[in-house]
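Overview (structure and organization)
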Amino acid sequence: MKKILATVDALHFSEHELRSYKYIADKARGALTILFLENIAGEAVQYAALDSGTLDYQAIFAESMKERREKSIENKKRLQEYYRDNGMDVTVREIPGVPMVEAVAESRFADLLIVRNDTTFSMVTDSNPTQFVKDMLVHAQCPVMVIPETVHYFRELMFSYNGTFSSSFAIRQFTQLFDTLSEVPVKVIYIVENDERKIPSGKLIKEYLNHHYEDVTYQSLEGKPTAELLAATLHSTHGVITLGAYGRSATSRFFRHSDAEAILRTANIPVFITHP
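Procedures and definitions
- Residues numbered from 1 in each chain as written.
- Predicted model: local features only at pLDDT ≥ 70, side-chain atom pairs only at ≥ 80, totals over all residues.
- Heavy atoms only, no water.
- Core = buried A, V, L, I, M, F, W, Y, C linked by side-chain atoms within 4.5 Å.
- Buried < 20%, exposed > 50% of the residue type's maximum accessible area, 1.4 Å probe, protein only.
- Contact = heavy atoms within 4.5 Å.
- Axes fitted to C-alpha atoms, helices over the stretch in contact; angles between N-to-C directions.
- Helix = DSSP H or I, 4+ residues; strand = E, 2+ residues; numbered from the N terminus.
- Parallel < 35°, antiparallel > 145°, perpendicular 65-115°, else oblique.
- Nonpolar A, V, L, I, M, F, W, Y, C, P; charged D, E, K, R; others polar.
- Left-handed = near helix turned anticlockwise from the far one by under 90°.
- Arc of directions from axis to C-beta.
- Salt bridge = Lys/Arg side-chain N within 4 Å of Asp/Glu carboxyl O.

A separate point is the nonpolar core. By size, the foremost hydrophobic cluster in this structure holds 45 residues, and its most contacted members are Y21, I24, I34 and F174. Those residues within four positions of F174 in sequence are excluded, and the remaining contacts are M145, L157, F159, L181, Y213, V240, T242 and F272.

Turning our eyes to something else, we now look at the packing of helix α6 (residues 165-177) against helix α7 (residues 202-212). At a closest axis distance of 11 Å, the pairing of α6 and α7 adopts a crossing angle of 10 degrees. Regarding the angle of α6 to α7, the classification is roughly parallel. Counting all contacts with α6, which are made through I171, R172 and T175, the residues of α7 involved are I205, Y208, L209 and H212. Of the residues in the contact of α6 with α7, the class split is 4 nonpolar, 2 polar and 1 charged.

Turning to the packing of helix α4 (residues 99-107) against helix α5 (residues 131-139), a few remarks are in order. Running from amino to carboxyl end, α4 crosses α5 at an angle of 30 degrees, the nearest separation of the two axes being 10 Å. Here α4 lies roughly parallel to α5, going by the angle between them. The handedness of the crossing between α4 and α5 is right-handed. In this structure, α4 contributes P99, M100, A103 and V104 to the contact, and α5 contributes F132, D135, M136 and H139. Class assignment of the residues belonging to the contact of α4 with α5 gives a composition of 6 nonpolar, 1 polar and 1 charged.

Take α7 next. Taken as a whole, α7 has its buried residues at G202, I205 and L209. Looking straight down α7, one finds that the buried residues subtend no more than 70 degrees of arc, so they occupy a single side. For α7, the exposed residues lying more than 90 degrees away from the buried face are K203, L204, N210 and H211. Buried residues along α7 sit in contact with β6 (156-161), α6, β7 (186-191) and β8 (216-221).

Counted by the stated rule, this structure contains 12 salt bridges. Between E38 and R69 there is a salt bridge, with its nearest N and O atoms 3.1 Å apart. A residue pair is termed long-range when its members are at least 10 positions apart, and E38 in the loop between β2 (30-37) and α2 (40-50) and R69 in helix α3 (residues 57-85) qualify at 31 residues. For E38, a relative accessible area of 5% corresponds to the buried category. Classification of R69 as partly exposed rests on a relative accessible area of 35%. We note a salt bridge from R84 to D85, for which the minimum N-O separation is 3.8 Å. Each member of the pair, R84 together with D85, is exposed.

This is the structure in structure tokens:
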């Protein structure tokens, strides 16, 4: 059974979000571990920076931490009851340290890490996608699926492909993780590069996908990869798309950071990204 991690803000989550994690873990035939994250260190730093006036900021901080802890305990109970009532055993791991560091450490021993696209532990206005999401995409040591709050049933699989090892690796990792989706229609999206309209290694990728899926179509698009994929995903509500590595090195990248972020900002479907 596969090990699936899902990051949850201990103070802010919804039933829609929990339902989405359950659906994805079920489709991967995996056991779900919830990383129940709190940014206590970040709060401590914020209050320490303020502690320069006449107000008793240490007392305010202590009271704030007490309220946060009470809410976290209440939320954990609510989360556990939700999964119990829906017939799923989950492991809930409370992590009060630095969320990014702890999640990355956990990902080394997991098959998939799921993160909601607006998850943030920042004390100030964050970016889109958030810094936490971007950190997960760069540093996680297993495949990452970035999801909207609500994930609909998968009715279409979109595999972005440009002939690189990075793009084919993402397709293969997704296929191995979600081996229950063989009947879901697949669309391989190839963005024409350097006027090369023939799909690179076309015979091989077709042979591979035919081993795993019953209905596979191929679409060649001309233009900028970001714009073309945005157009392909814009009106999809029941799909999921794979992208090559978010980027650790220039040679392993399918998309530049800016390209992947544009898709993450706009697409309202899960985005699956992994590193070779």
